[in-house]
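Spelled out from the first residue to the last, the chains are:
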Amino acid sequence: MEATTVWFVAIAFLWTGYFLLEGFDFGVGALLPVLGRDDTERRVLLNAIGPVWDGNEVWFIVAGAGTFAAFPDWYATLFSGFYLPLLAILLALIVRGVALEYRGKRDEPHWRRRWDRAIFWGSVVPAFVWGVVFANLSRGVPLDARHEYAGTLTDLLNPYALLGGLTTLTLFVLHGAVFLALKTAGDVRARAVRAARAAVVAAIAVGGTFLLITQVQHGKPVTWATVAVAAAGLAGAAVAIARGRDGWAFVGTGTAIVSAVATLFVALFPDVMPSTIAAANSLTTTNAASSPYTLKIMTIAAVAFTPLVVLYQGWTYWVFRRRIDASHVPQPAREPEPAR
């Protein structure tokens with residue numbers, strides 16, 4: 001296997017890991033105003049992702065850095081042509097990160113409500129826009145002979161891309177609801193289960209439509225298999241949710257996300273950014289790649305450090321594996337009543 005193919009697979013793996021793990025973080029943030037009836041319950045929701053959300057974002061950082069190092073032309077064209085959507089994602093992630101850290105700094109209802117709104121929008125915006133971005137990569141964008149983006153923002157907001165955005169949003173909301181059902185107890189879990197039952201219907205309808213269109217218009221014979229696995233994952237999640245099998249439901253939603261991302265990347269290969277103007281203008285794993293020596297050094301570093309990172313993150317999930325509820329949230333101490 002050529003080094004360029006190895007690194008295309010590696011980039012696909014990193015993006016898949018990011019959407020699998022950060023997906024339920026986005027879902028929890030989007031469900032914050034729906035499932036949290038009071039401040040204590042909202043703290044339960046945030047505590048469920050508190051130990052892991054920042055580690056999950058590392059996958060995005062590494063995916064971006066890996067793209068920059070392995071396929072610099074792809075990185076340059078992507079981040080210039082998709083400047084406004086990616087800027088919206090970046091600002092939303094910054095606001096969400098600040099909100100998660102600063103929300104508890106003051107015990108004031110107005111202070112926390114403001115940050116709760118920031119967490120909500122900081123989760124919904126990237127959950128939707130990432131789908132728009134990757135749908136456009138699958139569909140192709142106008143690239144000129146110099147491999148530069150020749151379109152406008154409105155070209156990126158086409159119906160297929162907007163459907164892709166709705167697909168990632170519904171999938172992540174479902175993934176987040178199932179994660180909360182798995183990770184919480186009591187009233188919060190009961191509401192999360194009800195949310196998951198509604199979300200799985202939307203995810204099957206929207207996601208199924210998007211994947212079918214993707215397969216018919218841009219897919220390959222092999223991607224019928226990944227589409228089928230994604231459909232089986234959603235169907236299995238629906239059955240598991242109905243039976244109260246939270247762990248299997250999470251496996252089902254995770255399988256659907258992984259298979260959906262795999263469908264997009266397999267359909268994309270060997271292109272990394274197809275051109276709708278002319279096939280000769282497309283960026284491929286060959287003409288967008290770094291030098292063989294660069295890829296060799298990167299491969300050695302990835303083989304050495306990736307297992308350590310995966311093991312560490314797996315250990316983090318194991319340590320914080322237990323369910324939580326309102327009893328695990330410390331309440332502010334009451335001031336003693338003055339003596340009479």
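Conventions used here
- Counting restarts for each chain, with residues numbered from 1 along the sequence as it is written.
- It should be noted that, the model being predicted, local features are given only for residues of pLDDT at least 70 and side-chain atom pairs only at 80 or more, the latter also being counted only at that level, while totals for whole chains, interfaces and linings use all residues.
- Computation of side-chain values covers all heavy atoms of the structure but excludes hydrogens and water.
- In these notes, a set of buried Ala, Val, Leu, Ile, Met, Phe, Trp, Tyr and Cys residues joined through side-chain atoms within 4.5 Å is what counts as a nonpolar core.
- Throughout, exposure labels follow a simple rule: accessible area from a 1.4 Å probe, protein chains only, divided by the maximum for the residue type, with under 20% read as buried, over 50% as exposed, and the rest as partly exposed.
- Each helix is a run of DSSP H or I of at least 4 residues and each strand a run of E of at least 2, with the numbering of both proceeding from the N terminus.
- Note on contacts: a residue pair qualifies if any of its non-hydrogen atoms lie within 4.5 Å across the two residues.
- UniProt positions are given in the numbering used here, feature names are shortened, and annotations may be inferred rather than shown by experiment.
- Classification of ring pairs uses Phe, Tyr and Trp, with its six-membered ring standing for Trp, and accepts pairs whose centres are within 6.5 Å; under 30 degrees between planes counts as stacked, over 60 as edge-to-face, and the remaining range as tilted.
- Geometrically, a charge over a ring is one whose NZ (Lys) or CZ (Arg) sits within 6 Å of the ring centre while staying within 35 degrees of the ring normal.
- Salt bridges are identified by distance alone: a Lys or Arg side-chain nitrogen within 4 Å of an Asp or Glu carboxyl oxygen.

Next up on the list: the nonpolar core. Of all hydrophobic cores here, the largest spans 95 residues; its most connected members are Trp15, Trp74, Trp130 and Met273. Residue contributions to this core peak at 16 residues, all from helix α1 (residues 3-35). Residues contacting Met273, with those up to four places away along its chain left out, are Trp74, Thr77, Leu78, Phe82, Leu137, Val141, Leu143, Ser282 and Leu283.

The subject of this paragraph is the UniProt feature "transmembrane region" (unreviewed entry) in the chain. The feature "transmembrane region" (unreviewed entry), as given by UniProt, occupies residues 6-32, 74-98, 118-137, 157-182, 194-216, 222-241, 248-269 and 297-320 in the numbering adopted here. In residues 194-216, helix accounts for 100% and strand for 0%; the two terminal C-alpha atoms are 33 Å from one another. What you have in residues 222-241 is 95% helix and 0% strand, and the ends, taken at the C-alpha atoms, are 30 Å apart.

The next point concerns the packing of aromatic side chains. Under the counting rule described, the total for this entry stands at 32 aromatic pairs. With a centroid separation of 6.0 Å and an interplanar angle of 75 degrees, the aromatic rings of Trp15 and Tyr18 are classed as edge-to-face. Placement of both Trp15 and Tyr18 in helix α1 is noted, with a separation of three residues, approximately one turn of the helix. Assessed through its relative accessible area of 6%, Trp15 is described here as buried. Their ring planes at 70 degrees and their centres at 5.2 Å tell us that Trp15 and Phe134 sit as a pair that is edge-to-face. Here Trp15, found in helix α1, pairs with Phe134, found in helix α6 (residues 109-139); they are 119 residues apart in sequence, far enough to count as distant. By the burial criterion, Trp15 is buried, and Phe134 matches it. Over the ring of Trp318 we find Arg321; its NZ or CZ atom is 3.8 Å from the centre of that ring.

With that settled, the discussion passes to the side chain of Arg103. Relative to the helices and strands, Arg103 is located in the loop between α5 (83-102) and α6. In this structure Arg103 comes out as buried when scored by relative accessible area, which is 4%. Apart from the residues lying within four places of it in its own chain, the contact partners of Arg103 are Asp39, Arg42, Arg43, Leu46, Trp111, Arg112, Trp115, Asp116 and Ile119.

Cis geometry marks the peptide bond from Phe269 to Pro270, where omega comes out at 5 degrees. For Pro270, the location among the structural elements is in the loop between α11 (246-268) and β1 (271-273). One non-glycine residue, His147, adopts positive backbone phi at about 65 degrees. With respect to the helices and strands, His147 occurs in the loop between α6 and α7 (153-156).

Our focus in this paragraph is the pattern of salt bridges. Counted according to the given criterion, the structure contains eleven salt bridges. One network of salt bridges, in which partners are shared, links Asp39, Arg42, Arg103, Asp107, Arg112 and Asp116.

What follows deals with the environment of Val52. Structurally, Val52 can be placed in the loop between α2 (39-49) and α3 (53-70). The class of Val52 is buried, set by a relative accessible area of 6%. In sequence terms Val52 and Phe320 are 268 residues apart; their C-alpha atoms lie 8.8 Å from each other.

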